[in-house]
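A structural walkthrough
Spelled out from the first residue to the last, the chains are:
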Amino acid sequence: MSAAREPIFELRGVSKRFEKRLDVAGRIARSLGAKLRDEVVHAVDGVDLTIGRGEVVGLVGESGCGKSTLGRMVAGILPLSAGEIRRNGVVIARAGGAPEADAAVLREAKLKTQMIFQDPYASLTPRMRVADIVGEAPLVHGIVGRSDLDSYVDEQFRRAGLDPSLKRRYPHQFSGGQRQRIGIARALAVQPDFLVCDEAVAALDVSIQAQILNLFLDLRRDLDLTYLFISHDLGVVEHLSDRVVIMYLGRVVEEADTETVFRRANHPYTRSLLDSVPRIEARKRAFHPVRGEIPSPLNPPPGCHFHPRCPHAIPRCREERPALREIAPGHRSACHLNEAA
Amino acid sequence: MSLTLEVRGLRTHFFTRAGVVKAVDDVSFSVARGRVLGLVGESGSGKSVTGFSIIGLVDPPGRIVSGEILFRGRDLTRLPEEEMRQLRGNRIAMIFQDPMMTLNPVLRIDTQMIETVLAHAKVSREEARARARDALGMVGIPSPEERLSAYPHQFSGGMRQRVAIAIALLHRPDLIIADEPTTALDVTIQGQILAEVQKLAAETGTSLIWITHDLSVVAGLADEIAVMYAGKVVEHGEVSAVLDSPLHPYTAGLIGSVPSRNARGARLKQIPGMTPSLLNLPPGCAFRSRCDRASPACEADPPMRELAPGRNARCIHPLLPAEA
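It should be emphasised that the depicted structure is a prediction, and the values quoted were computed from it without experimental measurement.

With that out of the way, let us pick up the packing of aromatic side chains. Taken as a whole and judged by the stated rule, the model has 10 aromatic pairs over all chains. Taken together through their ring pairs, the aromatic side chains of Phe216, Tyr227 and Phe229 of chain A make up a single cluster. Between Arg147 of chain B and the ring centre of Phe155 of chain B, over which it is positioned, the NZ or CZ distance is 4.3 Å.

Take a look at the structure:
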């Protein structure tokens, strides 16, 4: 499916390192023999990813797997430590060097990529009226003139399922679900073609979550949007996505269309993740969880990051990082066992 | 079948300056020995306050207005505070969503666990420490002896929750109330905790009330489900009966909202509107403004009725099995 689509985003070898340098006291302690070193977290470690126009890509993983960091780099709000990101074929972000696009293209690219955040309580300025929250960006960017702003904001409200008569209110006067709609209205007000949704429904009650998911489905159809949908909730991702990317400790471990991931998952981590998900169809049953904890990203295991928890690990997994290889058309997996077989 | 807990007509109200919030309003259910009850509802449905009422931790301006909470035959609402203290942490234990509600951040794990043991058992410190170590081993914490002398911040979120569960298990309680204990955890860690809890409940005969918003979790864990909405239990029955053929339109709506119950990419069967404010809630069925089956008759309070053997719902227009 993805092969037929024209790519909107192409990520090549994208990495993000967060470094915490030792302070003066730490450096002195080290020179006196203390075992201290600079702490480096490889939040995202060499990710290649292509997102086709009109596609919904689900990005799945547990805490600390780097899914949010990757989303922020795609949205252009975090610089890269390595690699490059192309949008419509033009490099818009590159580690250490200037992107090849000129300033106007870059501004356009950033504007066309908008983000929806998890926490509807923290992502809205509490002292601005919601009409100003939604209307500010399109006014600044010249998408709408001051005289048409009022009706433009009303239209954004209606599209997100909000009553425009409430637009003079402040964020605290809205419920969690309504605030998430305000966040969506704000993102859509600058007419993006790409949305990064970072756990956008995780904080909502089940019945409200269903309403917001339906809104995402409707908007996709009406506005021809492309989504990078970041979530830890496999049920939500399965429902919404065309293609699913699974991350573990900064790396992509498996990538395929949704049907394949949920029916014929290849990577042992994906399989154990799917086994752990409670399903409403299940009845009183014994849970068979994967063993072990998620290792610290500060000090990940060598080789394949998953090998200490993997039931099928072989000696090679401890030493060599498995490459993400195509095992069937459109289905990529990073596991040494695929070569052994 | 002996009952560990029987709640009858429980009402817990909060007397705020803005008015009376009827957080729990006429709730009845029972839990038999060794059984798991899933108490399901959305934010503000009163499921947590029900749990706090049972263990006697409702703070002013809230108080239990009426009703009985019979724990092995004794009414907890009439128990003097000192006797309640003897039960709490001993025969009845609670696990919270945030394990740091249970754990003191400045005390080592062994200090906290030994204290809990000695509060209810006349044993030596060595014996108490041994019990603490065994409890940590039971919930699957590797090398429990070393971990005993660690501080809470040295544990991961999942491990902290295991410690909180171990503390709840120290006195082999008859009843554990678990309030969203896996909601903040990653799926693989949640799977581990569910497996441990399920094993422990089966081994020790402990009854469990599992409070959650997640129907999928109780589907695999619980024997019975009670669904709460706006302070009332609206449906109660065996897990498979409730999930396969819900009687109350709200239960049906909740199940319909679960993405895996719908065809991929299709619109979800959403419930319109949002949960009502519990402040000065008008009489009648609180769900009627969101319900497609509502009629003028719903403006009177619907009673809890047994609609089929073992199946109770608070609805005048329940779904027939064929419609669900």
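The subject of this paragraph is the interface of chain A and chain B. With 43 residues of chain A in contact, the opposing surface of chain B contributes 48 residues. Approximately 3,900 Å² of surface area, both sides summed, lies buried where chain A meets chain B, with 54% of it carried by carbon and sulfur atoms. Between Arg264 of chain B and Glu259 of chain A there is a salt bridge, with its nearest N and O atoms 3.3 Å apart. In this structure, the connection of chain A to chain B is made through 15 residue pairs in polar contact (both at pLDDT 80 or more). Looking at the side of chain A that touches chain B, the elements that each hand over two or more residues are helix H7 (206–223), helix H8 (234–240), helix H9 (258–263) and helix H10 (268–276) of chain A. If one sorts the elements of the side of chain A that touches chain B by residue count, H7 of chain A sits on top with 10 residues. Taken together, the residues of the side of chain A that touches chain B sort by class into 16 nonpolar, 14 polar and 13 charged.

This part takes up the pairing of strand S1 (residues 7–20) of chain A. Residues and elements named next belong to chain A. Relative to strand S2 (residues 39–52), S1 runs antiparallel, the two sharing 10 bridges. Directly across from Leu11, in S2, lies its bridge partner Leu49. In this sheet, strand S4 (residues 82–87) lies alongside S1 in antiparallel orientation, the contact comprising 5 bridges. Looking at the pairing, Phe9 lines up with Arg87 of S4.

Cut-offs applied
- Residues numbered from 1 in each chain as written.
- Chains lettered and ligands numbered in written order.
- Predicted model: local features only at pLDDT ≥ 70, side-chain atom pairs only at ≥ 80, totals over all residues.
- Heavy atoms only, no water.
- Phe/Tyr/Trp six-rings, centres within 6.5 Å; stacked < 30°, edge-to-face > 60°.
- Lys NZ or Arg CZ within 6 Å of the ring centre and 35° of its normal.
- Contact = heavy atoms within 4.5 Å.
- Buried area = accessible area lost by both parts, 1.4 Å probe.
- Salt bridge = Lys/Arg side-chain N within 4 Å of Asp/Glu carboxyl O.
- Polar contact = N/O pair within 3.5 Å; in protein donor to acceptor, adjacent residues only side chain to side chain.
- Helix = DSSP H or I, 4+ residues; strand = E, 2+ residues; numbered from the N terminus.
- Nonpolar A, V, L, I, M, F, W, Y, C, P; charged D, E, K, R; others polar.
- Pairing = 2+ DSSP bridges.

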